[in-house]
Amino acid sequence: LYTGEREQGTLPMLLLQGAGTGVLLTGKALAAVLLAVLLLCQLLLLFFVDTDIRQAGIITLSAILLAYILYAAFFALLGVAASAAFRQSGTVLMFLLGTWLLFIILLPRIMASTAERNAPLPSQFTVQKQMSDAEKFGLDGKSPRALRVKQFTDSLLRHYHTDSLKSLPVNADALLMQAGEEYNERIYEKYIGRVDSLIAQQNRYQLYGRFLDPFIALREISMALAGTDYAHTVRFQLAARQYRNDFIRRLNGKLAEGEIVSADFYRQMPPFTYSPPAIALVLQELIPAYAALLLWLCIPVAWLLFLHQRKQSSYQ
């Protein structure tokens, strides 16, 4: 945009005709940003033709579009600033290519490997082995399954003042299954909770990464608004687990009362529904990421202002 004018010899002619460097840089920058915005605004057409996107809502789509406009404007203005700073188009191209490689390829991988090194996740086999051992030998390692079963049956006998399971007015097997479900839930919360805490530690590096790389900030916004980030995953898993535990609890409760579970029981169970967090809450959590994109946008703007001042002083 700017180096091309210099290489073609049209830059001195534009300056002689009264177009100052400020006008040229502003015009080139606006042209680059406008082109990027026009290309991105075509996404709005999807809102009217794609049913899935329309269900997401115009606010969600607009928030995603704003993030991509800020991101594209950063690179557009960076290109104009580099074009004005370097004399040859090849140098500008190498600079922009190096910047792209740094932000898109290198830094995200460096941040991911750093997070993995400082908060390594156990393998799935390790977690499954720990949970299996806890179910067999107890959370404290001193309460095997047979001992827990005996303690539970003894408590039932004491509660109903009888010395035989056959004399119980309830189905002891169903109550034992429910007790096992509740114990397994405690095991799951303990060991999966550890994994969740490690993932949360890794995700904290994203807090720093968004200020080191605009791509990380954009990815954070895009995933959160699309509902594919880790926070949405945790909310969905929690809702699904609560529904599953409630279903098993009702089923075992029916069996414990000695009732026959017919097809009507399953028909009366409410279907699983998941309500994602409100868009206002998601946007509130994304304020730092949007702030990071704005700060990144200030860098090429400041560079352009510096170039304008330097070129003005050189002409004077």
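Please read these numbers as outputs of a predicted model, since none were measured by experiment.

Draft legend 1. Looking closely at the overall build of the chain. Looking only at helices and strands, one finds 15 helices and zero strands in the chain. For the chain, long-range pairs separated by at least 24 residues make up 73% of all intrachain contacts whose partners lie at least 6 apart in sequence. Carbon and sulfur atoms make up 64% of the accessible area of the chain, which amounts to about 19,300 Å² in all.

Draft legend 2. Expanded view of the environment of Arg 219. Tracing the backbone shows Arg 219 in helix α11 (residues 214–226). By relative accessible area, Arg 219 is classed as partly exposed at 31%. Remark: the alpha-carbon pair of Arg 219 and Tyr 68, spanning 151 residues in sequence, is separated by 9.8 Å.

Draft legend 3. Geometry of helix α12 (residues 230–256). Here α12 is 27 residues long and its end C-alpha atoms lie 38 Å apart, about the 39 Å a rise of 1.5 Å per residue gives. Taken as a whole, α12 has its buried residues at His 232, Ala 239, Asn 245, Ile 248, Leu 251, Asn 252 and Ala 256.

Draft legend 4. Summary view of the packing of helix α7 (residues 89–118) against helix α10 (residues 172–209). Relative to each other, α7 and α10 sit at 145°, their axes nearing to 9 Å. Of the two elements, α7 crosses α10, and the hand of that crossing is right-handed. The residues of α10 that touch α7, namely those facing Met 111, Thr 114, Ala 115, Glu 116 and Asn 118, are Gln 202, Tyr 205 and Gly 209. In terms of residue class, the contact of α7 with α10 is built from three nonpolar, four polar and one charged.

Draft legend 5. Highlighting the side chain of Asn 245. Assignment of secondary structure puts Asn 245 in helix α12. The class of Asn 245 is buried, set by a relative accessible area of 16%. Separated by 3.3 Å, the side chains of Asn 245 and Arg 244 make a polar contact.

Definitions and cut-offs
- Residues numbered from 1 in each chain as written.
- Predicted model: local features only at pLDDT ≥ 70, side-chain atom pairs only at ≥ 80, totals over all residues.
- Heavy atoms only, no water.
- Helix = DSSP H or I, 4+ residues; strand = E, 2+ residues; numbered from the N terminus.
- Contact = heavy atoms within 4.5 Å.
- Areas by Shrake-Rupley, 256 points an atom, 1.4 Å probe, with all protein chains shown as cover.
- Buried < 20%, exposed > 50% of the residue type's maximum accessible area, 1.4 Å probe, protein only.
- Expected span 1.5 Å × (residues − 1).
- Axes fitted to C-alpha atoms, helices over the stretch in contact; angles between N-to-C directions.
- Left-handed = near helix turned anticlockwise from the far one by under 90°.
- Nonpolar A, V, L, I, M, F, W, Y, C, P; charged D, E, K, R; others polar.
- Polar contact = N/O pair within 3.5 Å; in protein donor to acceptor, adjacent residues only side chain to side chain.

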